[in-house]
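Residues per chain are reported as follows:
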Amino acid sequence: MKKLNLLIFIIGIMLLTACKNGVGTNTPTGYTGNEIEQPQLMYNDKIYYYQATGFDEELPEGYIKAGTIKHVDNENPPSENFNGARVDTGQEIYSSDSDYAMVYVAYGSGYARFSLKE
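Procedures and definitions
- Residues numbered from 1 in each chain as written.
- Predicted model: local features only at pLDDT ≥ 70, side-chain atom pairs only at ≥ 80, totals over all residues.
- Heavy atoms only, no water.
- Core = buried A, V, L, I, M, F, W, Y, C linked by side-chain atoms within 4.5 Å.
- Buried < 20%, exposed > 50% of the residue type's maximum accessible area, 1.4 Å probe, protein only.
- Contact = heavy atoms within 4.5 Å.
- Patch = residues over 30% accessible without salt bridge, like charges linked within 9 Å, V, L, I, M, F, W, Y side chains within 5 Å.
- Areas by Shrake-Rupley, 256 points an atom, 1.4 Å probe, with all protein chains shown as cover.
- Salt bridge = Lys/Arg side-chain N within 4 Å of Asp/Glu carboxyl O.
- Helix = DSSP H or I, 4+ residues; strand = E, 2+ residues; numbered from the N terminus.
- Pairing = 2+ DSSP bridges.
- Phe/Tyr/Trp six-rings, centres within 6.5 Å; stacked < 30°, edge-to-face > 60°.
- Lys NZ or Arg CZ within 6 Å of the ring centre and 35° of its normal.

This part takes up the nonpolar core. In terms of nonpolar packing, the biggest core is built from eleven residues, these being L41, Y43, Y48, Y50, I69, V87, I93, V103, V105, A112 and F114. When neighbours within four sequence positions are excluded, V103 is seen to be in contact with L41, Y43, Y48, Y63, I93, Y94, S95, A112, R113 and F114.

Moving on to a nonpolar patch on the surface. A surface patch of nonpolar side chains, amounting to about 650 Å² of accessible area, comprises M1, L4, L7, I8, I11 and L15. Among the secondary structure elements, M1 is positioned in the segment before helix 1 (2-18).

Two strands pair when backbone bridges link them, and strand 1 (residues 40-43) and strand 2 (residues 46-50) are joined in this way by four bridges, in the antiparallel orientation. Within strand 2, the position partnered with L41 by the bridge is Y48. Between the antiparallel neighbours strand 1 and strand 2 lie two residues, among them N44 with a positive phi of about 55°. Here three bridges tie strand 2 to strand 8 (residues 110-116), and the two strands are oriented antiparallel to one another. By the bridge assignment for strand 8, Y48 is matched with L116.

Once that is clear, we can look at the side chain of S115. By the element assignment, S115 lies in strand 8. We classify S115 as buried; its relative accessible area is 16%. Those residues in contact with S115 that lie beyond four places of it in its chain are I47, Y48, Y49, Q51, A101 and M102.

We now examine the packing of aromatic side chains. How two aromatic rings sit relative to each other is given by the distance of their centres and the angle of their planes. A full pass over the atoms with the stated rule returns seven aromatic pairs. Seen in terms of ring centroids, F55 and Y107 are 4.5 Å apart; in terms of plane orientation they differ by 55°. Their pairing is tilted. With F55 in the loop between strand 2 and strand 3 (63-68) and Y107 in strand 7 (residues 102-107), the pair connects residues that are 52 residues apart, well separated along the chain. For F55, a relative accessible area of 35% puts it in the partly exposed group. Under the relative-accessibility criterion, Y107 is labelled partly exposed at 23%. Seen from their ring centres, Y63 and Y104 are 5.0 Å apart, and the 80° between their planes marks the pair as edge-to-face. In this pair, Y63 is assigned in strand 3 and Y104 in strand 7, connecting sequence segments 41 residues apart. A network of ring pairs unites the aromatic residues Y50, F55, Y107 and F114 as a single cluster. Note that K117 overlies the ring of Y49, its terminal NZ or CZ placed 4.5 Å from the centroid.

Across the chain, the bulk of peptide bonds are trans and the bulk of non-glycine residues have phi less than zero. With phi around 60°, A52 is a residue other than glycine that occupies positive phi space. With respect to the helices and strands, the residue A52 is situated in the loop between strand 2 and strand 3. Phi angles above zero are rare outside glycine, and F82 is one such case at about 70°. Within the fold, F82 resides in the loop between strand 4 (71-72) and strand 5 (83-85).

This part is about the sheet that holds strand 1. Read from one edge to the other, the open sheet built from eight strands follows the order 3-6-7-8-2-1-5-4, with strand pairing classed as mixed. Among the strands making up the open sheet, the edge pair consists of strand 3 and strand 4.

Here it is as C-alpha cells:
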C-alpha cells in the first residue's frame with residue numbers, strides 16, 4: 001500500500017511539472033511582448049486612442065484635415081505630434097475646432113475614431 005501511494009505521488013508530481021508553460025514564448029495577442037497593442041496617436045500634445053469603433057465610419061461634419069502621421073513606433077507611446085503606434089505613416093488625421101475629445105484617422109473604407117482616455 002505504501003508503494004502504491006508513493007507511486008501515485010510521484011506520477012502526480014511528474015504531471016504537474018510537465019504542464020509548465022515556456023517563459024516569454026506566449027504571445028496571446030499575436031504581437032511581440034514589447035509592442036503596443038492599441039492604436040494611438042499624438043495630436044495637439046495629447047494622445048488619442050482607438051476604441052474599437054470600426055474603420056468604416058463616416059467623417060462627421062465640421063472635421064477637417066489636420067495633418068498626416070509622420071512617424072510610427074510600435075514599441076513606445078507617441079511623444080511628438082503626428083506620431084503614432086499601430087497606425088501607418090501617411091494616414092490622414094482629421095480634427096474639429098469644436099470637439100477636442102476626438103480625432104478621426106482615414107482608412108481605406110472610411111474613418112476610425114480616436115479619443116482621449118477618460
